[in-house]
Amino acid sequence: MPDLLKRILTPPVFEGDEDKTRTARMLNVILWVALAIVLSSLFSLLVTPYARAGLLAIGSIVLAILSSLVLMRRGRVQLAGGLFSFMLLAFAAALPILSGGVHSPIVTEFVVAVCVAGLLLRGRTPFIFVGLAIAISIGVALAQSKGLLPPPFLDLTTPLIAIVPLIANTLMVAALLYLATSSLNDALGRARRYAAELKAQSNQLEELVQARTQDLARRTNYLGATTAVAQESESVLGAPQQLLSR
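Just so you know, these numbers come straight off a predicted model, no measurement behind them.

> How should a nonpolar patch on the surface be read in this particular structure?
Where nonpolar side chains cluster on the molecular surface, the patch consists of Leu-4, Leu-5, Ile-8 and Leu-9 and spans about 320 Å² of accessible area. Along the chain, Leu-4 turns up in helix α1 (residues 2-9). Its relative accessible area of 41% is what places Leu-4 among the partly exposed residues.

Okay, structure coming up:
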């Protein structure tokens, strides 16, 4: 049982692709932490009047997390990261609509979604998430100004309740920054080790070339001496004693 649990929790390693392995390691931590947070909030939803809707939302989130885990283990790390980042963005878009609009402190969930996309996705894809987050925020603000939003599904007007999502999202962003810093430090450490190994191999190669050069010089001297002996032998073939003295 412990071995099975260890295999499940351990991120996959992709030989020959360190960037993919690094992304999978970060994604694995993020997914398991997100799953723990979602499941821990399940009990608080059961005592609310909106338990059925809450269970449906949590079920969708859990399905997205598990799908991302399966995709990651099958080597589709970028697809898994994109799926989870899009799920976070959709979650961040739905929560302000259900909790009073852009004045809701839960709107800071957009920052978490963008940070996750920036960590897990390559190229310009994170900027697409930034654009979507801005567009959704503007859309929610316009809908709120025209009175088009539904009545608040979540009441976050109480200060003690309103501070909870702010603290949670701040902690999540701090954890994501810690993951990014740790990953960068690991990459720098590997780069230093590779540089040291390359320098050692270069020094060994220089020593080998120097030894080969000296050996070649000795062989050249031997060949020169042999040639000289042969020339002398040709000139005094009739006088062995003279040849020996020369």
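Right, picking up where we left off after that structure.
> Please explain the packing of helix α6 (residues 109-120) against helix α7 (residues 125-145) as it appears in this structure.
In a pair of packed helices, the angle between the axes and the distance between the axes together describe the arrangement. At a closest axis distance of 8 Å, the pairing of α6 and α7 adopts a crossing angle of 165°. It follows that α6 is roughly antiparallel to α7 by the angle criterion. As α6 packs across α7, the resulting crossing turns out to be right-handed. Residues Phe-110, Val-114, Ala-117 and Gly-118 of α6 lie in contact with α7, whose contacting residues are Pro-126, Phe-129, Val-130, Ala-133, Ile-136 and Ser-137. In terms of residue class, the contact of α6 with α7 is made up of eight nonpolar, two polar and no charged.

Reading the values: the criteria
Think of each chain on its own: its residues are numbered from 1, step by step along the sequence as written. Residue-level local features of this predicted model are given only where pLDDT is at least 70; pairs of side-chain atoms are given and counted only at 80 or more, and the full residue set underlies all totals for whole chains, interfaces and linings. The side-chain figures draw on all heavy atoms in the structure; neither hydrogens nor water molecules are used. In this scheme, patches are assembled from residues that exceed 30% relative accessible area and form no salt bridge. Like charges are connected within 9 Å, while nonpolar side chains (Val, Leu, Ile, Met, Phe, Trp, Tyr) are connected within 5 Å. Each accessible area is a Shrake-Rupley result for a 1.4 Å probe, and residues are judged covered by the shown protein chains and nothing else. Between Lys or Arg on one side and Asp or Glu on the other, a salt bridge is scored when a side-chain nitrogen of the former is within 4 Å of a carboxyl oxygen of the latter. Helix numbers and strand numbers start at the N terminus; a helix is a DSSP run of H or I with at least 4 residues, a strand a run of E with at least 2. Burial classes: relative accessible area under 20% of the type maximum marks a residue as buried, over 50% as exposed, and values in between as partly exposed (1.4 Å probe, protein chains only). Simply put, an axis is a line fit to the C-alpha atoms, just over the touching stretch for a helix, and the angle between two N-to-C directions goes from 0 to 180 degrees. For this classification, under 35 degrees means roughly parallel, over 145 means roughly antiparallel, 65 to 115 means roughly perpendicular, and everything else is oblique. Crossing handedness is read from the near helix: turned anticlockwise from the far helix by less than a right angle, it gives a left-handed crossing, and turned clockwise, a right-handed one. We call two residues in contact whenever any of their non-hydrogen atoms come within 4.5 Å of each other. Under the scheme applied here, ten amino acids are nonpolar (Ala, Val, Leu, Ile, Met, Phe, Trp, Tyr, Cys and Pro), four are charged (Asp, Glu, Lys and Arg), and all others, including Gly, are polar.

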